[in-house]
Amino acid sequence: PAEASYEHILISTPRPGVGQITLNRPKALNALSTPLMTELNAALRAFEASKEAGAVVITGNEKAFAAGADIKEMKDLNFASAFGNDFIKNWSELTQISIPIIAAVNGYALGGGCELAMMVDILYCGPKATFGQPEIKLGVIPGAGGSQRLTWAIGKAKAMEIILTGKNFSAEEAERWGLAARVFETPEACVEGALDTAETIASYGRLAVKAAKEVVNQSMENGLSEGVKFERRVFQSLFATRDQKIGMTAFAEKKKPQWTGE
Ligand code: CO8
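What you are looking at is a predicted structure, and each value in this text was computed from that prediction instead of being measured.

J.: Kindly report on the overall build of the protein chain, identifying the contributing residues and their values.
T.: When its secondary structure is counted, the protein chain shows eleven helices and ten strands. Principal-axis analysis of the C-alpha atoms gives the protein chain an extent of 75 × 45 × 35 Å. Counting across all 262 residues of the protein chain, residues that qualify as buried make up 41%. A separation of at least 24 residues holds for 67% of the contacts in the protein chain among residues at least 6 apart in sequence. In the protein chain, which carries 28 positive and 30 negative side-chain charges, the distance between the mean positions of the two groups comes to 8 Å.

J.: Please provide a residue-by-residue account of the pattern of salt bridges, values included.
T.: On inspection of all chains with the given rule, the structure shows eleven salt bridges. As a salt-bridge pair, R176 and E172 come within 2.9 Å of each other at their nearest N and O atoms. With R176 and E172 both in helix α7 (residues 171-176) and four residues apart, this pair spans about one turn of that helix. Where K255 meets E253, a salt bridge forms, and the shortest distance between an N and an O atom there is 3.2 Å. Since its relative accessible area comes to 53%, K255 is described here as exposed. By relative accessible area, which is 45% here, E253 ends up partly exposed.

J.: How would you explain the nonpolar core if you had to name every residue and give the values?
T.: Residues I21, L23, I58, F65, V105 and F131 are the most contacted members of the largest nonpolar core, which totals 49 residues. The element contributing the most residues to this core is helix α1 (residues 34-50), with six residues. Beyond its immediate chain neighbours, meaning those up to four positions away, I21 contacts I9, L10, I11, L40, A43, L44, F47, V56, V57, I58 and T59. Counting 15 residues, the second-largest nonpolar core is a separate cluster that includes A55, V57, A202 and V209.

J.: So what's going on with the packing of helix α4 (residues 112-119) against helix α5 (residues 146-154)? Which residues, and what values?
T.: Interhelical geometry of α4 versus α5 gives an angle of 55 degrees and a closest axis separation of 10 Å. By the angle class used here, α4 and α5 are oblique. The element α4 and its partner α5 pack so that their crossing is left-handed. Contact residues: α4 offers E115, M118 and M119, while α5 offers G146, R149 and L150. Counted by class, the contact of α4 with α5 contains three nonpolar, one polar and two charged residues.

Reading the values: the criteria
Every chain is numbered independently, its residues counted from 1 as its sequence is written. Whole-chain, interface and lining totals are the exception, using all residues; otherwise, since this is a predicted model, local features are given only for residues with pLDDT of at least 70 and side-chain atom pairs are given and counted only at 80 or more. Side-chain numbers here rest on the full set of heavy atoms in the structure, without hydrogens or water. Here a helix means four or more residues in a row that DSSP labels H or I, a strand means two or more in a row labelled E, and each is numbered from the N terminus. Each residue is assigned to one of three classes by its accessible area relative to the maximum for its type, calculated with a 1.4 Å probe on protein chains only: buried under 20%, partly exposed between the two thresholds, exposed over 50%. By definition in these notes, contact holds between two residues if any of their heavy atoms fall within 4.5 Å. A positive count includes Lys and Arg, and a negative count includes Asp and Glu. His and the chain ends are not counted in either. Just so you know, the charge point we use is NZ for Lys, CZ for Arg, CG for Asp and CD for Glu. Basic side-chain nitrogens of Lys or Arg form a salt bridge, by our definition, when they fall within 4 Å of a carboxyl oxygen of Asp or Glu. Among buried residues, those of type Ala, Val, Leu, Ile, Met, Phe, Trp, Tyr and Cys that are joined through side-chain atoms within 4.5 Å constitute a nonpolar core. Helix axes are fitted only over the stretch in contact, all axes being lines through C-alpha atoms; the angle between N-to-C directions runs from 0 to 180 degrees. When describing relative orientation, an angle under 35 degrees is termed roughly parallel and one over 145 degrees roughly antiparallel, while 65 to 115 degrees is termed roughly perpendicular and anything else oblique. It is the rotation of the near helix from the far one that decides the hand of a crossing: anticlockwise by less than a right angle makes it left-handed, clockwise makes it right-handed. For this classification, the nonpolar set comprises Ala, Val, Leu, Ile, Met, Phe, Trp, Tyr, Cys and Pro, the charged set comprises Asp, Glu, Lys and Arg, and every other residue, Gly included, is treated as polar.

So far we have only geometry, and geometry alone does not tell us how the molecule works.
Pasting the structure below:
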(Lines give C-alpha, C1' and ligand atoms only; values in the text may rest on other atoms or scores of the structure.)
Protein backbone atom coordinates (compact mmCIF):
# COMPACT_ATOMS: atom_id res chain seq x y z
CA PRO A 1 0.00 0.00 0.00
CA ALA A 2 1.29 3.43 -0.88
CA GLU A 3 1.97 5.14 2.42
CA ALA A 4 1.82 8.61 0.94
CA SER A 5 -1.84 8.27 0.07
CA TYR A 6 -3.00 8.02 3.71
CA GLU A 7 -3.67 10.94 5.98
CA HIS A 8 -5.13 9.40 9.13
CA ILE A 9 -3.21 6.14 9.39
CA LEU A 10 0.40 4.97 9.12
CA ILE A 11 1.36 1.86 7.20
CA SER A 12 4.42 -0.33 7.58
CA THR A 13 5.71 -3.87 7.13
CA PRO A 14 7.76 -4.32 10.32
CA ARG A 15 8.27 -8.10 10.06
CA PRO A 16 8.32 -10.58 7.19
CA GLY A 17 4.74 -11.09 6.05
CA VAL A 18 3.33 -8.71 8.66
CA GLY A 19 1.48 -5.50 7.86
CA GLN A 20 1.00 -2.83 10.50
CA ILE A 21 -1.64 -0.11 10.51
CA THR A 22 -1.30 2.62 13.12
CA LEU A 23 -4.34 4.82 13.66
CA ASN A 24 -2.93 8.31 13.59
CA ARG A 25 -5.20 11.13 14.73
CA PRO A 26 -3.47 11.59 18.09
CA LYS A 27 -4.95 15.04 18.77
CA ALA A 28 -8.45 13.59 18.59
CA LEU A 29 -7.49 10.42 20.50
CA ASN A 30 -7.81 8.56 17.20
CA ALA A 31 -11.54 9.29 16.98
CA LEU A 32 -12.84 7.19 14.11
CA SER A 33 -13.99 9.58 11.43
CA THR A 34 -15.39 8.50 8.10
CA PRO A 35 -12.15 9.43 6.27
CA LEU A 36 -10.12 7.39 8.78
CA MET A 37 -12.37 4.36 8.41
CA THR A 38 -12.23 4.66 4.62
CA GLU A 39 -8.43 4.62 4.78
CA LEU A 40 -8.38 1.73 7.24
CA ASN A 41 -10.57 -0.34 4.93
CA ALA A 42 -8.45 0.57 1.91
CA ALA A 43 -5.23 -0.35 3.71
CA LEU A 44 -6.63 -3.70 4.86
CA ARG A 45 -7.83 -4.47 1.33
CA ALA A 46 -4.41 -3.51 -0.03
CA PHE A 47 -2.60 -5.80 2.42
CA GLU A 48 -5.01 -8.60 1.57
CA ALA A 49 -4.52 -8.09 -2.16
CA SER A 50 -0.72 -7.80 -1.94
CA LYS A 51 -0.40 -11.51 -1.06
CA GLU A 52 2.72 -10.59 0.88
CA ALA A 53 0.99 -9.94 4.18
CA GLY A 54 -0.04 -13.06 6.07
CA ALA A 55 -1.36 -11.13 9.07
CA VAL A 56 -2.02 -7.51 10.02
CA VAL A 57 -1.61 -5.66 13.32
CA ILE A 58 -3.77 -2.62 14.04
CA THR A 59 -2.67 -0.33 16.83
CA GLY A 60 -2.99 3.24 18.03
CA ASN A 61 -0.76 5.08 20.46
CA GLU A 62 -0.10 4.84 24.17
CA LYS A 63 -2.96 7.15 25.12
CA ALA A 64 -5.61 5.88 22.74
CA PHE A 65 -6.36 2.98 20.49
CA ALA A 66 -9.48 4.94 19.53
CA ALA A 67 -11.77 7.00 21.77
CA GLY A 68 -14.81 6.17 19.68
CA ALA A 69 -16.60 7.31 16.60
CA ASP A 70 -15.97 10.96 15.84
CA ILE A 71 -18.64 12.64 17.94
CA LYS A 72 -18.08 16.01 16.27
CA GLU A 73 -18.79 14.46 12.89
CA MET A 74 -21.87 12.63 14.18
CA LYS A 75 -23.52 15.27 16.31
CA ASP A 76 -25.57 16.93 13.56
CA LEU A 77 -26.47 13.73 11.78
CA ASN A 78 -30.21 13.13 11.51
CA PHE A 79 -32.17 9.93 11.12
CA ALA A 80 -32.85 10.40 7.42
CA SER A 81 -29.17 10.64 6.52
CA ALA A 82 -28.01 8.02 9.06
CA PHE A 83 -30.57 5.50 7.84
CA GLY A 84 -30.70 6.70 4.24
CA ASN A 85 -26.94 6.41 3.76
CA ASP A 86 -26.66 3.41 6.10
CA PHE A 87 -24.21 5.27 8.33
CA ILE A 88 -21.30 3.12 9.55
CA LYS A 89 -22.22 0.15 7.39
CA ASN A 90 -18.72 0.10 5.95
CA TRP A 91 -17.29 -0.05 9.46
CA SER A 92 -17.61 -3.78 9.51
CA GLU A 93 -15.72 -4.23 6.25
CA LEU A 94 -12.81 -5.28 8.46
CA THR A 95 -14.67 -8.47 9.26
CA GLN A 96 -14.66 -9.41 5.56
CA ILE A 97 -10.86 -9.44 5.34
CA SER A 98 -9.58 -12.99 4.92
CA ILE A 99 -6.17 -12.60 6.58
CA PRO A 100 -5.92 -12.60 10.40
CA ILE A 101 -6.00 -9.21 12.11
CA ILE A 102 -4.59 -8.58 15.56
CA ALA A 103 -5.38 -5.46 17.59
CA ALA A 104 -2.73 -4.13 19.97
CA VAL A 105 -4.79 -1.93 22.27
CA ASN A 106 -3.22 0.66 24.54
CA GLY A 107 -5.10 3.49 26.21
CA TYR A 108 -8.71 4.25 25.38
CA ALA A 109 -10.79 1.83 23.35
CA LEU A 110 -14.21 3.38 23.81
CA GLY A 111 -17.43 3.18 21.85
CA GLY A 112 -16.58 2.58 18.21
CA GLY A 113 -12.94 2.05 19.31
CA CYS A 114 -13.98 -0.84 21.53
CA GLU A 115 -16.18 -2.15 18.72
CA LEU A 116 -13.31 -1.97 16.26
CA ALA A 117 -11.06 -3.88 18.71
CA MET A 118 -13.77 -6.52 19.12
CA MET A 119 -14.06 -7.01 15.34
CA VAL A 120 -10.49 -8.26 14.97
CA ASP A 121 -9.39 -11.88 15.29
CA ILE A 122 -7.07 -11.57 18.28
CA LEU A 123 -7.24 -8.76 20.82
CA TYR A 124 -4.08 -7.99 22.82
CA CYS A 125 -3.85 -5.14 25.26
CA GLY A 126 -1.35 -3.19 27.30
CA PRO A 127 -1.68 -2.64 31.08
CA LYS A 128 -3.50 0.68 30.78
CA ALA A 129 -5.97 -0.23 28.06
CA THR A 130 -9.41 1.11 28.97
CA PHE A 131 -12.46 -0.38 27.32
CA GLY A 132 -16.05 0.77 27.40
CA GLN A 133 -19.27 1.43 25.51
CA PRO A 134 -20.17 4.92 26.72
CA GLU A 135 -22.79 5.59 24.01
CA ILE A 136 -25.60 5.61 26.56
CA LYS A 137 -24.11 8.83 27.95
CA LEU A 138 -24.48 10.41 24.49
CA GLY A 139 -28.10 9.41 24.13
CA VAL A 140 -27.43 6.53 21.75
CA ILE A 141 -26.38 2.89 21.86
CA PRO A 142 -23.45 0.95 20.40
CA GLY A 143 -23.87 0.97 16.62
CA ALA A 144 -20.97 -1.00 15.20
CA GLY A 145 -21.66 -4.42 16.68
CA GLY A 146 -20.80 -3.67 20.32
CA SER A 147 -24.01 -4.97 21.84
CA GLN A 148 -23.59 -8.23 19.96
CA ARG A 149 -19.85 -8.85 20.14
CA LEU A 150 -19.46 -7.79 23.77
CA THR A 151 -22.32 -10.06 24.79
CA TRP A 152 -20.85 -12.95 22.83
CA ALA A 153 -17.45 -12.38 24.40
CA ILE A 154 -18.26 -11.81 28.06
CA GLY A 155 -21.88 -12.90 28.53
CA LYS A 156 -25.13 -11.06 29.01
CA ALA A 157 -24.75 -10.11 32.67
CA LYS A 158 -21.54 -8.15 32.31
CA ALA A 159 -22.32 -6.82 28.83
CA MET A 160 -25.66 -5.48 30.00
CA GLU A 161 -24.06 -3.81 32.99
CA ILE A 162 -21.37 -2.18 30.84
CA ILE A 163 -23.70 -1.02 28.07
CA LEU A 164 -26.41 0.28 30.39
CA THR A 165 -24.05 2.12 32.75
CA GLY A 166 -21.46 3.24 30.19
CA LYS A 167 -18.77 2.40 32.74
CA ASN A 168 -15.28 1.55 31.52
CA PHE A 169 -13.45 -1.70 32.19
CA SER A 170 -9.76 -2.44 32.50
CA ALA A 171 -7.22 -4.49 30.55
CA GLU A 172 -7.10 -6.99 33.38
CA GLU A 173 -10.90 -7.36 33.33
CA ALA A 174 -10.90 -7.67 29.54
CA GLU A 175 -8.49 -10.58 29.81
CA ARG A 176 -10.20 -12.22 32.77
CA TRP A 177 -13.59 -12.04 31.03
CA GLY A 178 -12.21 -13.51 27.81
CA LEU A 179 -12.41 -10.45 25.58
CA ALA A 180 -8.64 -9.98 25.37
CA ALA A 181 -6.42 -12.93 24.55
CA ARG A 182 -3.57 -11.48 26.56
CA VAL A 183 -2.50 -8.45 28.58
CA PHE A 184 1.13 -7.34 28.41
CA GLU A 185 3.26 -5.52 30.97
CA THR A 186 4.00 -2.44 28.87
CA PRO A 187 2.45 -0.75 25.82
CA GLU A 188 5.57 -1.54 23.79
CA ALA A 189 5.43 -5.20 24.80
CA CYS A 190 1.83 -5.29 23.64
CA VAL A 191 2.70 -4.08 20.14
CA GLU A 192 5.77 -6.36 19.96
CA GLY A 193 3.68 -9.28 21.19
CA ALA A 194 1.11 -8.62 18.49
CA LEU A 195 3.83 -8.45 15.84
CA ASP A 196 5.36 -11.73 17.16
CA THR A 197 2.01 -13.48 16.90
CA ALA A 198 1.37 -12.00 13.47
CA GLU A 199 4.80 -13.20 12.33
CA THR A 200 4.08 -16.71 13.58
CA ILE A 201 0.74 -16.76 11.75
CA ALA A 202 2.32 -15.36 8.59
CA SER A 203 4.86 -18.20 8.64
CA TYR A 204 2.17 -20.86 8.11
CA GLY A 205 0.45 -21.93 4.91
CA ARG A 206 -1.88 -19.18 3.82
CA LEU A 207 -4.71 -21.50 2.86
CA ALA A 208 -4.74 -23.26 6.23
CA VAL A 209 -4.65 -19.93 8.01
CA LYS A 210 -7.52 -18.61 5.92
CA ALA A 211 -9.49 -21.78 6.56
CA ALA A 212 -8.75 -21.71 10.30
CA LYS A 213 -9.93 -18.12 10.58
CA GLU A 214 -13.07 -18.93 8.64
CA VAL A 215 -14.07 -21.95 10.73
CA VAL A 216 -13.49 -20.24 14.05
CA ASN A 217 -15.57 -17.29 12.90
CA GLN A 218 -18.31 -19.63 11.75
CA SER A 219 -18.82 -20.73 15.34
CA MET A 220 -20.18 -17.27 15.99
CA GLU A 221 -22.72 -17.46 13.19
CA ASN A 222 -26.10 -19.18 13.23
CA GLY A 223 -26.19 -18.18 16.83
CA LEU A 224 -28.81 -16.66 19.06
CA SER A 225 -30.60 -14.48 16.49
CA GLU A 226 -30.91 -17.32 13.98
CA GLY A 227 -32.04 -19.62 16.75
CA VAL A 228 -34.60 -17.17 18.04
CA LYS A 229 -35.90 -16.56 14.52
CA PHE A 230 -36.17 -20.28 13.86
CA GLU A 231 -38.07 -20.74 17.11
CA ARG A 232 -40.45 -17.92 16.19
CA ARG A 233 -41.18 -19.40 12.76
CA VAL A 234 -41.99 -22.77 14.28
CA PHE A 235 -44.11 -21.08 16.92
CA GLN A 236 -46.03 -19.23 14.17
CA SER A 237 -46.57 -22.45 12.22
CA LEU A 238 -48.34 -24.01 15.20
CA PHE A 239 -51.21 -21.63 14.56
CA ALA A 240 -51.98 -23.94 11.60
CA THR A 241 -52.83 -26.79 14.00
CA ARG A 242 -56.16 -27.75 15.48
CA ASP A 243 -54.62 -28.33 18.89
CA GLN A 244 -53.64 -24.67 19.12
CA LYS A 245 -57.29 -23.67 18.68
CA ILE A 246 -58.38 -26.34 21.12
CA GLY A 247 -55.81 -25.39 23.74
CA MET A 248 -56.34 -21.67 23.69
CA THR A 249 -60.09 -21.89 23.40
CA ALA A 250 -60.19 -24.28 26.35
CA PHE A 251 -58.16 -21.84 28.40
CA ALA A 252 -60.44 -18.95 27.52
CA GLU A 253 -63.54 -21.04 28.36
CA LYS A 254 -61.98 -22.48 31.53
CA LYS A 255 -62.34 -26.03 30.18
CA LYS A 256 -59.97 -28.97 29.94
CA PRO A 257 -58.57 -29.31 26.41
CA GLN A 258 -59.38 -32.49 24.45
CA TRP A 259 -56.30 -32.85 22.24
CA THR A 260 -56.64 -34.28 18.74
CA GLY A 261 -53.03 -34.48 17.74
CA GLU A 262 -53.84 -32.53 14.59
N1 CO8 B 1 -14.90 12.09 18.90
C2 CO8 B 1 -14.39 13.30 18.57
N3 CO8 B 1 -13.41 13.89 19.28
C4 CO8 B 1 -12.94 13.24 20.37
C5 CO8 B 1 -13.46 12.00 20.77
C6 CO8 B 1 -14.48 11.42 19.98
N7 CO8 B 1 -15.00 10.22 20.27
N8 CO8 B 1 -12.82 11.62 21.90
C9 CO8 B 1 -11.93 12.60 22.18
N10 CO8 B 1 -11.99 13.57 21.26
C11 CO8 B 1 -11.21 14.80 21.21
C12 CO8 B 1 -11.64 15.80 22.27
O13 CO8 B 1 -12.78 16.50 21.84
C14 CO8 B 1 -10.43 16.65 22.39
O15 CO8 B 1 -10.40 17.55 21.31
P16 CO8 B 1 -9.99 19.11 21.55
O17 CO8 B 1 -8.56 19.03 22.00
O18 CO8 B 1 -10.18 19.71 20.21
O19 CO8 B 1 -10.90 19.62 22.60
C20 CO8 B 1 -9.28 15.67 22.19
O21 CO8 B 1 -9.86 14.53 21.53
C22 CO8 B 1 -8.67 15.18 23.49
O23 CO8 B 1 -9.72 14.68 24.31
P24 CO8 B 1 -9.96 15.15 25.83
O25 CO8 B 1 -9.46 16.52 26.02
O26 CO8 B 1 -11.38 14.86 26.17
O27 CO8 B 1 -8.99 14.10 26.56
P28 CO8 B 1 -9.10 13.58 28.07
O29 CO8 B 1 -7.84 12.84 28.33
O30 CO8 B 1 -9.50 14.71 28.97
O31 CO8 B 1 -10.36 12.57 28.06
C32 CO8 B 1 -11.68 10.73 27.20
C33 CO8 B 1 -10.26 11.36 27.37
C34 CO8 B 1 -12.23 10.35 28.58
C35 CO8 B 1 -11.53 9.51 26.35
C36 CO8 B 1 -12.62 11.77 26.56
O37 CO8 B 1 -11.99 12.31 25.41
C38 CO8 B 1 -13.95 11.19 26.11
O39 CO8 B 1 -14.82 10.94 26.93
N40 CO8 B 1 -14.13 10.97 24.79
C41 CO8 B 1 -15.35 10.48 24.22
C42 CO8 B 1 -15.52 9.00 24.47
C43 CO8 B 1 -16.82 8.52 23.90
O44 CO8 B 1 -17.90 8.89 24.31
N45 CO8 B 1 -16.73 7.62 22.90
C46 CO8 B 1 -17.86 7.05 22.30
C47 CO8 B 1 -18.25 7.83 21.10
S48 CO8 B 1 -19.81 7.32 20.45
C49 CO8 B 1 -19.47 6.00 19.52
O50 CO8 B 1 -18.38 5.56 19.39
C51 CO8 B 1 -20.67 5.43 18.86
C52 CO8 B 1 -20.30 4.25 18.05
C53 CO8 B 1 -21.44 4.00 17.13
C54 CO8 B 1 -21.00 3.12 16.04
C55 CO8 B 1 -19.88 3.68 15.30
C56 CO8 B 1 -20.36 4.95 14.68
C57 CO8 B 1 -19.32 5.59 13.83
